[in-house]
Amino acid sequence: MGQLIAGNWKMNGLLAEAMALAKAIANGAGGLACDLLVCPPATVIRPVGGALAGTPVAVGGQDCHAAVKGAHTGDLAAAMLRDAGACWVILGHSERRTDHGETDAQVAAKVAAAVAAGLTPIVCVGETEAERLAGRQEAVVGTQLAGSLPGDFAGVVAYEPVWAIGTGRTPTEADVAAMHVFIRAVLLRRLGPSGQAVRILYGGSVNPGNAVALMGLPEVGGALVGGASLVAANFLEIARAAR
Ligand code: 13P
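Attention in this report is confined to the structure presented alongside it. Only a predicted model underlies this, so the values are computations on that prediction, with no experimental measurement involved.

1. Notes on the overall build of the chain
Within the chain, the secondary structure is distributed over ten helices and eight strands. Its C-alpha atoms give the chain a radius of gyration of 17 Å, within 12% of the compact-globule value 18 Å for 243 residues. Along the first, second and third principal axes, the C-alpha set of the chain runs to 45 × 45 × 35 Å. Taken across its 243 residues, the chain has 51% of its residues classed as buried. Intrachain contacts of the chain at a sequence separation of at least 6 include 72% that bridge at least 24 residues. As displayed, the chain has an accessible area near 10200 Å², and 58% of this comes from carbon and sulfur atoms.

2. Considering the pairing of strand S1 (residues 4–8)
Burial analysis of S1 places five of its five residues in the buried class, which makes it a mostly covered element. Burial of S1 is two-sided: the residues Leu4, Ala6 and Asn8 facing one way and the residues Ile5 and Gly7 facing the other way are all buried. For S1 and strand S2 (residues 35–39), the ladder comprises five bridges, and the chain directions are parallel. In the strand pairing of S2, Ile5 is matched with Leu36. Handedness of the crossover joining S1 and S2 through helix H1 (residues 15–27) is recorded here as right-handed. Direction of pairing for S1 relative to strand S8 (residues 222–225): parallel, over a ladder of four bridges. Residue pairing for S8: Ile5 is matched across the bridge by Ala223.

3. Examining the side chain of Asn8
Note that Asn8 resides in strand S1. Within the structure, the side chain of Asn8 is placed 3.0 Å from the backbone nitrogen of Lys10, a separation counted as a polar contact. Discounting chain neighbours no more than four positions away, the residues touching Asn8 are Cys39, Gln62, Ile90, His93, Leu224, Val225, Gly226 and Ser229.

4. Observations regarding helix H10 (residues 232–240)
Residues that lie three or four places apart on an α-helix share one face, since the helix turns once every 3.6 residues. Of the residues making up H10, those classed as buried are Ala232, Phe235, Leu236, Ile238 and Ala239. Down the axis of H10, the sector holding all buried residues measures 155 degrees, keeping them to one side. Buried residues along H10 sit in contact with S1, H1, S2, helix H9 (211–215) and S8.

5. Let's talk about the site of the ligand
Lining the immediate environment of the ligand, one finds 13 residues, of which Lys10, His93, Gly166, Ser205 and Gly227 sit closest. In the model, an oxygen atom of the ligand is placed 2.8 Å from a nitrogen or oxygen of the Lys10 side chain. One of the side-chain nitrogen or oxygen atoms of Glu160 is found 2.9 Å away from an oxygen atom of the ligand. Looking at the shell around the ligand residue by residue, the class counts come to four nonpolar, seven polar and two charged.

Conventions used here
- Residues numbered from 1 in each chain as written.
- Predicted model: local features only at pLDDT ≥ 70, side-chain atom pairs only at ≥ 80, totals over all residues.
- Heavy atoms only, no water.
- Helix = DSSP H or I, 4+ residues; strand = E, 2+ residues; numbered from the N terminus.
- Rg over C-alpha atoms; globule rule 2.2 N^0.38 Å.
- Buried < 20%, exposed > 50% of the residue type's maximum accessible area, 1.4 Å probe, protein only.
- Contact = heavy atoms within 4.5 Å.
- Areas by Shrake-Rupley, 256 points an atom, 1.4 Å probe, with all protein chains shown as cover.
- Pairing = 2+ DSSP bridges.
- Right-handed = clockwise from strand over helix to strand, strands pointing away.
- Polar contact = N/O pair within 3.5 Å; in protein donor to acceptor, adjacent residues only side chain to side chain.
- Arc of directions from axis to C-beta.
- Near = heavy atom within 4 Å.
- Nonpolar A, V, L, I, M, F, W, Y, C, P; charged D, E, K, R; others polar.

Rendered as structure tokens:
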């Protein structure tokens, strides 16, 4: 399985700029060894998906509600994302966990809803700086995985240390490798042999300058890219670093 390079556009992208970014990415996406995904704001999933139809670039959402439908003002059901053209969805991002108080149990319920709607979930986990300084990163990530993933999970996990997101700081290569090896062991224990098929992305200040080193580390199955995914040339250079 090739690596997955996913762009999380977060809350960036009015229609015109989203379309220009999508088209620029699609123009450079030919002949790459990796899988490519962009996750724009929900308001532009349909037009971005239209612009990317027939290209190797897939489209995903950034969150969904756990319920199929109902009285949840401002929320989006997984089937709505699917209906708009998304095939993937990011769940449990640290910004959702912080801004909206999302718990592991809520993330697990969203994973089930996403799978039921035909979306592939990308479940985010990662420790804060205080937790890493206390040496608790594996305990924290282990708890998040145990609480956020169903026993038959068949999506993607993204390891995103909270302190590395948008800061220009990354863990050392040894620390990234150690965490990814730890996550693989947890997945194998939890899911059995199918835990081997779950790609484990690294996210947090991935850029064209560090992508080759990060993508070469053991058990790194790709990248979840924030800021650098908003510039097509940078996103494509990261994709060229992938296997
Ligand atoms: P940055 O790449 O901007 O650090 O963001 C990472 C992230 O949160 C991707 O989901």
